[in-house]
Amino acid sequence: MSFQVALNFEDGITRFIECRPDETVAEASYKARINIPLDCRDGACGTCKSLCESGSYDGGDYIEEALTDDEAARGHCLPCQMTPHSDLVLRIPSSAAAAKTGPAAFGATVADIRRHSATTVEFALDVDNRDGLDFLPGQYVNVAVPGTDQTRSYSFSSGPAQRQVSFLVRIVDGGAMSAYLTERASVGDRLEFTGPMGSFYLRQLTRPALLLAGGTGLAPLLSMLERMAQQPPGRPVHLLYGVTTDEDLVHLDTLEDYAEVVPGFTFDHCVADPASRARTKGFVTGLMDAGTLHHGDADVYLCGPPAMVEAVRAHIASLGVTPASFHYEKFTPAAVRTTAEAA
Ligand code: FES
């Protein structure tokens, strides 16, 4: 028996290792040829100190100089001492390159191309080594656009346990992936991607969550909801989904399905275009008050274009509310992603 440990590095690259309950995370990392930061290996120096964001474990033996009680209470841990009691997600204080590892590469076959509208296309892949691909719900990969030397970053819209992986793409004029998907792509095409990447992933929920999506920023939140369908969150989860025009509005039926199967999940949506058929016109900020944020006792996950991310941050500040945690990811039409976290 072993548990899965996600090692999330400072440069956003995530590697997954198997760790038995009777071995330390550092030992398991070493066996996987991943050199996480280590010095004493004895719980004395604190060099390996990491942050556990999900899962339970035995912290092992160590001295106060390496890890204080306060740090341990906040989830900090020592991989050279800790043994897992469940799957874990750890933030490792080094780059993947410094740990002599990097993103994994995968080959895949295009299994489906779904043209939701003129602005939004979804594609699904059968991954060659699907069992070798693990990711956290919310993460993305860098996809090599077939027939070009370009890569684009896309968040999984599928859940980690689903065999086929899928991605949502906003179609933009002159975009490399847009041109491929609208002009050349066929089921059966081969493509490659590397990853998984990013620190915008679902943490263990200990309080209500507010999910905010702008346009195809819905993709990582769909992945999170798929995980919640498998592992009920035990907390209220509300999603606000904002788009520019009715054509951008996708997967409302999927959200309705999740509302049926994920206990405590509700959602609302709005469209900025005044000519929209949507019940609510405007921006997601118009649907957010202090109560939506549980007066601060909420974890916020936001994925959207930069202007939306900034508008939401400013709106939350204007409400005089500070969410318990705030995770966001900005994407641009070229799908360059910035992930960050504000306490
Ligand atoms: Fe020294 Fe872990 S390596 S405390």
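What you see is a predicted model; the values in this text were computed from it and never measured.

Colleague: Please set out the sheet that holds strand 11 (residues 151–155) residue by residue, giving values where relevant.
Modeller: Neighbouring strands of a sheet are bound in pairs by backbone hydrogen bonds; such pairs are parallel or else antiparallel. Across the sheet, which stays open at both edges, the six strands sit in the order 11-10-13-8-9-12 with antiparallel pairing between neighbours. Since the sheet does not close on itself, it has two edges, and those belong to strand 11 and strand 12 (165–170), each with one partner. Neighbour-to-neighbour, the strand axes of this sheet turn through a mean angle of 40 degrees, independent of strand direction.

Colleague: Requested: an account of the pairing of strand 1 (residues 3–8), with residues and values cited.
Modeller: Most of strand 1 sits out of view: five of its six residues are buried. Across six bridges, strand 1 lies against strand 2 (residues 14–19) in antiparallel orientation. In the strand pairing of strand 2, Val5 is matched with Ile17. The hairpin formed by strand 1 and strand 2 contains five residues between the paired strands, and Gly12 there has a positive phi angle of roughly 90 degrees. Bridge count between strand 1 and strand 7 (residues 88–91): four bridges; the pairing is parallel. When the bridges of strand 7 are listed, Leu7 appears paired with Leu90.

Colleague: Give me helix 5 (residues 252–261): which residues, what numbers.
Modeller: Within the span of helix 5, buried status applies to Thr254, Leu255 and Tyr258. In an axial view of helix 5, the angular spread of the buried residues amounts to 100 degrees, which keeps them on one side of the axis.

Colleague: Give me the lowdown on the nonpolar core, citing residues and values where you can.
Modeller: Counting 29 residues, the largest nonpolar core has Leu211, Leu218, Met228, Leu239 and Tyr241 as the members making the most contacts within it. Counting residues per element, the ones that place at least two in this core are strand 14 (209–214), helix 4 (218–230), strand 15 (237–243), helix 5, strand 16 (265–271) and strand 17 (299–304). The leading source of residues in this core is helix 4, at seven residues. When neighbours within four sequence positions are excluded, Leu239 is seen to be in contact with Leu211, Leu218, Leu221, Leu225, Leu255, Phe265, Thr266, Phe267 and Asp268. With 27 residues, the next largest nonpolar core counts Phe123, Val143, Val169 and Phe193 among its residues.

Colleague: Talk me through the sheet that holds strand 3 (residues 50–54); I want residue IDs and the actual numbers.
Modeller: Strand order in the open sheet formed by five strands is 2-1-7-3-5, and the pairing between neighbours is mixed. Looking at which strands have only one partner, the edges of the open sheet turn out to be strand 2 and strand 5 (76–77).

Colleague: Pulling in residues and values, what's your account of the side chain of Thr120?
Modeller: Examined against the element boundaries, Thr120 turns out to sit in strand 9 (residues 120–127). On the basis of relative accessible area, Thr120 is assigned to the buried category, the value being 2%.

Colleague: Tell me what's going on with the pattern of salt bridges, and back it up with residues and numbers.
Modeller: The tally for this structure, following the rule as stated, stands at 15 salt bridges. When the shortest N-O distance is used, the salt bridge between Asp22 and Arg20 registers 2.8 Å. Judged by relative accessible area, which is 56%, Asp22 ranks as exposed. Given the relative accessible area of 36%, Arg20 is considered partly exposed. With a shortest N-O distance of 3.0 Å, Lys49 and Glu71 are connected by a salt bridge.

Colleague: Just give me the short version of unusual backbone geometry, but keep the residues and values in it.
Modeller: With omega at 5 degrees, the peptide bond leading from Gly195 into Pro196 counts as cis. Residue placement: Pro196 occurs in strand 13 (residues 190–197). In this structure, His294 is a non-glycine residue whose phi angle is positive, near 50 degrees. Along the chain, His294 turns up in the loop between strand 16 and strand 17.

Colleague: Lay out helix 6 (residues 306–318) with the relevant residues and their values.
Modeller: Helical periodicity: at 3.6 residues per turn, an α-helix aligns residues three or four positions apart in one direction. The end-to-end C-alpha distance of helix 6, which contains 13 residues, comes to 18 Å, matching closely the 18 Å that a straight helix rising 1.5 Å per residue would cover. Listing the buried residues of helix 6 in full gives Met308, Val309, Val312, His315 and Ile316. The buried residues of helix 6 all sit within an arc of 130 degrees when viewed along its axis, so they share a single face. Facing away from the buried side of helix 6 by over 90 degrees, the exposed positions are Ala307, Ala317 and Ser318. Elements in contact with the buried residues of helix 6: strand 14, strand 17 and strand 18 (325–331). Where helix 6 terminates, the next one or two residues include Gly320, which has phi positive at roughly 75 degrees.

Basis of the calculations
Residues numbered from 1 in each chain as written. Predicted model: local features only at pLDDT ≥ 70, side-chain atom pairs only at ≥ 80, totals over all residues. Heavy atoms only, no water. Pairing = 2+ DSSP bridges. Helix = DSSP H or I, 4+ residues; strand = E, 2+ residues; numbered from the N terminus. Axes fitted to C-alpha atoms, helices over the stretch in contact; angles between N-to-C directions. Buried < 20%, exposed > 50% of the residue type's maximum accessible area, 1.4 Å probe, protein only. Arc of directions from axis to C-beta. Core = buried A, V, L, I, M, F, W, Y, C linked by side-chain atoms within 4.5 Å. Contact = heavy atoms within 4.5 Å. Salt bridge = Lys/Arg side-chain N within 4 Å of Asp/Glu carboxyl O. Expected span 1.5 Å × (residues − 1).

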